[in-house]
Amino acid sequence: MDKVINDIYTCLTNFLTEDEKKLKLLIKIQVRKCLNYMNREDFPIELIEPLAEAIALEYLEEEEREAKRITAGDTSVEYNSSSSVTDRVAVSMREQLNRFRRVGTVGTTAQK
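Since we're looking at a predicted model, the values are computed, not measured. (Residues numbered from 1 in each chain as written. Predicted model: local features only at pLDDT ≥ 70, side-chain atom pairs only at ≥ 80, totals over all residues. Heavy atoms only, no water.)

1. Focus on the overall build of the protein chain
Spelled out, the test is: Secondary structure elements are taken from DSSP: a helix is a run of H or I of four residues or more, a strand is a run of E of two residues or more, and numbering for both begins at the N terminus. Buried residues are those whose accessible area, probed at 1.4 Å on protein chains only, stays under 20% of the maximum for their type, while exposed residues exceed 50% and partly exposed ones sit between those limits. Between two residues, a contact is recorded if the distance between any of their heavy atoms is within 4.5 Å. Note on areas: Shrake-Rupley with a 1.4 Å probe; residue coverage comes only from the protein chains shown.
Scanning the protein chain from terminus to terminus reveals 4 helices and 2 strands. Ordered by position in the sequence, the α and β elements of the protein chain form the string α-α-α-β-β-α. Buried residues in the protein chain amount to 29% of all 112 residues. Contacts in the protein chain between residues at least 24 apart in sequence constitute 62% of all its contacts with a sequence separation of at least 6. Approximately 8100 Å² of the protein chain is accessible, and the part contributed by carbon and sulfur atoms is 48%.

2. Observations concerning the pattern of salt bridges
As a reminder, the rule being used: For this analysis, a salt bridge means a side-chain nitrogen from Lys or Arg found within 4 Å of a carboxyl oxygen belonging to Asp or Glu.
As enumerated under the stated definition, the model contains 3 salt bridges in all. Salt-bridge contacts for Lys3 lead to Asp7; the nearest nitrogen and oxygen are separated by 2.9 Å. Placement of both Lys3 and Asp7 in helix H1 (residues 2-12) is noted, with a separation of 4 residues, approximately one turn of the helix. Accessibility expressed as a relative area gives 60% for Lys3, which makes it exposed. A relative accessible area of 26% means that Asp7 is categorised as partly exposed. Between Arg40 and Asp42 there is a salt bridge, with the nearest N and O atoms lying 2.9 Å from each other. According to the relative accessible area criterion, Arg40 is buried, its value standing at 13%.

3. Considering the packing of aromatic side chains
Heads up, the condition is: Working definition: rings of Phe, Tyr and Trp (its six-membered ring) pair if their centres are within 6.5 Å, and the pair is stacked with planes under 30 degrees apart, edge-to-face with planes over 60 apart, and tilted otherwise. For a ring to carry a charge above it, either NZ of a lysine or CZ of an arginine must fall within 6 Å of the ring centroid while also lying within 35 degrees of the normal to the ring plane.
With the rule as written, the count across this model stands at 0 aromatic pairs. Taking the ring centre of Tyr37 as reference, the NZ or CZ of Arg101 above it sits at 4.1 Å.

4. Quick notes on H1
Side chains three or four residues apart in an α-helix point the same way, a direct result of the helix having 3.6 residues per turn. Rules: Note that the arc is computed from the directions linking the helix axis to the C-beta atoms.
Considered for burial, the residues of H1 that qualify are Val4, Ile5, Ile8, Tyr9, Cys11 and Leu12. Projection of H1 onto a plane perpendicular to its axis shows the buried side chains occupying an angular sector of 160 degrees, all on one side. Turned more than 90 degrees off the buried face of H1, the exposed positions are Asp2 and Lys3.

5. Quick word on helix H2 (residues 20-38)
Heads up, the condition is: Expected helix span is computed as 1.5 Å times (number of residues minus one).
Look at H2: 27 Å from first C-alpha to last across 19 residues, which is about the 27 Å you get at 1.5 Å a residue. Those residues of H2 that fall on the buried side of the exposure criterion are Leu23, Ile27, Gln30, Val31, Cys34, Leu35, Tyr37 and Met38. Seen from one end, H2 has its buried residues packed into an arc of 160 degrees, which puts them on one side. Turned more than 90 degrees off the buried face of H2, the exposed positions are Lys21, Lys22, Leu25 and Asn36. After H2 finishes, the residue Asn39 shows a positive phi value of roughly 60 degrees.

Structure (C-alpha cells):
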C-alpha cells in the first residue's frame, strides 16, 4: 500500500503544495475507503491518477468556499457550506470504483 500512496502523492504534488505528512495521511484514508468499497486488498493502478485528481478537486473546492459572515472584532469567519458531511471524494469516485469492485467478502473468494 505504501507504493500506491507514494504514486498518488507524486500525482498530487503536481496540483497541490501541502505538508507531506498531512497529504499522505489524507491519501491513505481515501485509499482505505476505496479498498473497503471495492472489497479488495490490492489497489488497481488504473485508479491512481483518478483518485489523485478527485482529492485535488476536493481540496481546491474546499479552499474556494464563500464566506457567509466575517466579523472583525475577535476575528470570526463563517463559511457558507451547503454540502453535507459526506465524503465527496468517495462519492465522486464511485462510478470508477464500481469497475473494479468485487462481489463477496475479502478473503473468501479464490483469486486467479
